[in-house]
Amino acid sequence: MFALIDANSFYCSCERAFDPKLRPLPVAVLSNNDGCAIALTREAKDLGLKMGDPYHLVAKRPELKPIVWRSSNYALYGDMSRRIYETLLDLVPVVEPYSIDEMFLDLAGMPGELAQLAADIRSHVRKIAKIPCCVGIGPTKTIAKLANKVAKKDRNGPGVCDYSEESVRAAAYPSLPLGDVWGIGPASVAKLAALGVETVGAFVAMPAEYVRKVLTVTGAKTHAELQGVICFPFNTAPATRKSLAVTRSFGRAVTTWPEMRDAIASYTARAAEKMRRHGLVASAMQVFMLTNRFNNDPRYANQVTFAVEPTADSFALIASAVHAAERLWRPGYRFAKAGVVFVDLHRPDDLPIQMLPSRDPERSARLMAALDGVNGRFGRNTLRPGGTGPKPQWGMRRARLSPAYTTRLDDVLEAQA
DNA sequence: TCTGGGGTCCTAGGACCC
DNA sequence: TCTGGGGTCCTAGGACCC
């Protein structure tokens with residue numbers, strides 16, 4: 001039996017955890033660049049704000065005036081996620097983090113009544129990690145996710161929904177909309193609606209071969225999972241990742257090559273850092289740049305993917321990325337966004353030995369270790385490659401950023417007795 | 001002036017091979 | 001009148017997730 005625990009309006013709840021006066025107020029957290037709303041409290045939803053609404057358009061609407069806006073603070077949210085994880089380990093033996101605000105729990109062999117256990121877990125997380133959550137229970141991950149969704153929708157309910165019993169599911173499925181199912185997105189909802197299938201009950205009643213024909217194997221797995229057949233097993237060891245990206249919209253349009261070059265260099269340096277943290281090397285990379293697609297600026301978008309000598313060396317990768325960007329660059333356009341993606345990631349041991357490496361691998365490794373060591377100790381960007389300046393004009397807008405309460409010594413709250 | 005970022009998996013079709 | 005069969009690999013695009 002599985003449980004899925006999912007934080008309510010996670011980013012907003014993190015803001016509230018350290019700023020109690022926000023608790024009764026409608027709160028919304030903005031995407032990078034203060035672009036659009038990506039997390040909303042129930043109070044903000046009730047005022048009519050929607051996920052994805054562009055901030056510069058909705059900030060003026062009079063009925064949305066009471067909303068308290070925050071720039072996204074990933075240092076805070078990432079750390080709060082870790083705290084939830086550790087809090088859960090107080091009560092259950094294994095936890096599988098699924099996303100920044102969701103964790104699967106394996107309840108196999110847990111004593112006592114499951115719904116009561118879920119309620120205990122929920123109140124423990126709320127008390128210790130200061131984050132409100134809902135819990136769903138089911139014999140497969142898909143059912144646990146569905147139960148969680150049901151728990152969330154019931155505003156005055158207990159915050160727990162137990163679908164461990166087949167009879168309970170059979171009673172509930174006919175009234176649940178298909179779009180609530182994990183893995184069934186808008187395209188599949190439309191496809192199935194055209195066939196007259198609109199509820200989980202109707203979906204489950206479809207013959208398996210037919211589902212497979214309409215929705216391919218992914219849909220067939222979801223179909224089986226809803227009937228209690230495990231297709232997505234519990235996984236404690238995280239899979240090694242296959243790609244890794246740093247892509248950003250600019251705080252204002254980039255119109256000169258030196259600015260674009262510096263942006264690409266900075267993104268590459270960040271991505272290389274991430275890659276080293278995972279102990280991986282890239283043997284191919286992609287670089288792209290594009291203009292604003294929402295206004296009337298002349299449009300241009302281009303990308304290039306190319307192989308590189310497998311490495312995690314920032315300097316080597318920056319040189320390759322900038323060289324590629326130079327080929328994509330077109331003067332006269334107002335660029336809104338650019339990015340660097342490392343694909344074809346490997347553990348260095350899995351690759352053949354480079355017979356004629358273009359740089360000394362030992363020296364490179366020592367240099368990168370020194371770079372990461374200094375930055376780990378004194379803060380990101382203390383040491384950085386040339387051309388990756390700290391506060392560029394094109395940098396992210398984050399006008400409403402909260403303090404890094406848990407990860408920056410200067411920002412830690414003071415308690416007075 | 002201002003509309004996010006970062007992932008995974010699957011399939012079809014083309015290129016290529018024998 | 002008539003032009004095979006079977007395989008692999010790669011890529012682009014679609015769909016989904018948070």
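The structure reproduced in this document is the subject of the present report. (Residues numbered from 1 in each chain as written. Chains lettered and ligands numbered in written order. Predicted model: local features only at pLDDT ≥ 70, side-chain atom pairs only at ≥ 80, totals over all residues. Heavy atoms only, no water.)

**As for the pairing of strand S10 (residues 281-291)**
Stage number 1. Counting buried residues in S10 gives nine out of eleven residues, a clear majority hidden from the surface.
Stage number 2. The sheet contact formed by S10 and strand S11 (residues 301-311) spans eight bridges and is antiparallel. Bridging across to S11, Met-289 finds its partner in Asn-302. (Buried < 20%, exposed > 50% of the residue type's maximum accessible area, 1.4 Å probe, protein only. Helix = DSSP H or I, 4+ residues; strand = E, 2+ residues; numbered from the N terminus. Pairing = 2+ DSSP bridges.)

**What to know about unusual backbone geometry**
Stage number 1. Here the phi dihedral of Asn-33 falls at roughly 70°; this positive angle occurs in a residue that is not glycine.
Stage number 2. The exposure class of Asn-33 is buried, given its relative accessible area of 5%.
Stage number 3. Positive phi is not limited to glycine here, since Asp-344 has a value of about 60°.
Stage number 4. Along the chain, Asp-344 turns up in strand S12 (residues 335-346).

**Focus: the layout of surface pockets**
The gaps of empty space that remain are located by a probe, the size of a water molecule, rolled over the atoms.
Stage number 1. Approximately 1,400 Å³ is the volume attributed to the second largest pocket.
Stage number 2. Elements supplying a minimum of two residues to the lining of the second largest pocket: strand S1 (2-7), helix H1 (10-18), strand S3 (37-40), helix H2 (42-46), helix H5 (114-128) and helix H6 (141-153).
Stage number 3. Ranked by residue count, the leading element in the lining of the second largest pocket is H6, at seven residues.
Stage number 4. Looking at the lining of the second largest pocket residue by residue, the class counts come to 16 nonpolar, eight polar and 20 charged. (1 Å grid on protein atoms, 1.4 Å probe; cavity = no way out; pocket = protein on both sides within 12 Å on 5 of 7 lines; lining within 4 Å. Points joined across faces, edges and corners; volume = space filled by probe spheres on them. Nonpolar A, V, L, I, M, F, W, Y, C, P; charged D, E, K, R; others polar.)

**A closer look at the protein's contact with DNA strand B**
Stage number 1. Contacts to DNA strand B come from 21 residues, most closely from Arg-241, Ala-245, Thr-247, Arg-248 and Ser-249.
Stage number 2. The sugar-phosphate share of atoms of DNA strand B within 4 Å of the protein amounts to 75%.
Stage number 3. Ser-31 places a side-chain nitrogen or oxygen 2.8 Å from a sugar or linking oxygen of DNA strand B.
Stage number 4. Separating a phosphate oxygen of DNA strand B from a side-chain N or O atom of Arg-248 is a distance of 2.8 Å.
Stage number 5. Broken down by secondary-structure element, the contributors of at least two residues to the surface near DNA strand B are helix H10 (208-226) and strand S9 (243-254).
Stage number 6. Split by residue class, the surface near DNA strand B holds six nonpolar, nine polar and six charged. (Near = heavy atom within 4 Å. Polar contact = N/O pair within 3.5 Å; in protein donor to acceptor, adjacent residues only side chain to side chain.)

**Focus on a positive patch on the surface**
Stage number 1. Where like charges cluster on the molecular surface, the positive patch consists of Arg-23, Arg-126, Lys-127 and Lys-130.
Stage number 2. Among the secondary structure elements, Arg-126 is positioned in helix H5. (Patch = residues over 30% accessible without salt bridge, like charges linked within 9 Å, V, L, I, M, F, W, Y side chains within 5 Å. Areas by Shrake-Rupley, 256 points an atom, 1.4 Å probe, with all protein chains shown as cover. Salt bridge = Lys/Arg side-chain N within 4 Å of Asp/Glu carboxyl O. Lys, Arg positive; Asp, Glu negative; His and termini not counted. Charge placed at Lys NZ, Arg CZ, Asp CG, Glu CD.)

**Regarding the sheet that holds S11**
Stage number 1. Taken in spatial order, the four strands of this open sheet run S9-S12-S10-S11, and their pairing is antiparallel. Edge strands, defined here as strands with exactly one partner in the open sheet, are S9 and S11. Neighbouring strand axes in the sheet, compared pairwise and without regard to direction, differ in orientation by 15° on average.
Stage number 2. Note that S9 and S12 share eight bridges and pair antiparallel. Within the sheet, the bridge partner assigned to Ser-249 lies in S12 and is Lys-337.
Stage number 3. Here helix H11 (residues 257-277) sits on the sheet and contacts S9, S10, S11 and S12; the angle it forms with S9, its principal contact strand, is near 150°.
Stage number 4. Along the sheet, helix H12 (residues 314-328) contacts S10, S11 and S12; its crossing angle with S11, the most-contacted strand, is approximately 155°. (Axes fitted to C-alpha atoms, helices over the stretch in contact; angles between N-to-C directions. Contact = heavy atoms within 4.5 Å.)

**Thoughts on the protein's contact with DNA strand C**
Stage number 1. Surveying the vicinity of DNA strand C reveals 13 residues, the closest of which are Ser-99, Asp-101, Lys-145, Gly-183 and Ser-188.
Stage number 2. Counting only the atoms of DNA strand C that lie within 4 Å of the protein, the sugar and phosphate share comes to 100%.
Stage number 3. Within the backbone of Pro-186, an N or O atom sits 3.5 Å from a phosphate oxygen of DNA strand C.
Stage number 4. Take Ala-187: an N or O atom from its main chain is 3.0 Å from a phosphate oxygen of DNA strand C.
Stage number 5. Those elements that provide at least two residues to the surface near DNA strand C are strand S5 (95-99) and helix H8 (186-193).

**With respect to the sheet that holds S3**
Each strand in a sheet pairs with another by means of backbone hydrogen bonds, the pair being arranged parallel or else antiparallel.
Stage number 1. The mixed open sheet is built from three strands, whose spatial order is S3-S2-S4. In this open sheet, the two edge strands, each paired with only one partner strand, are S3 and strand S4 (68-71). Across the sheet, the axes of successive neighbouring strands diverge by a mean angle of 30°, strand direction being ignored.
Stage number 2. Judged from the three bridges that link them, strand S2 (residues 27-30) and S3 form a sheet pairing that is antiparallel. The residue of S3 that forms the bridge with Leu-30 is Ala-37.

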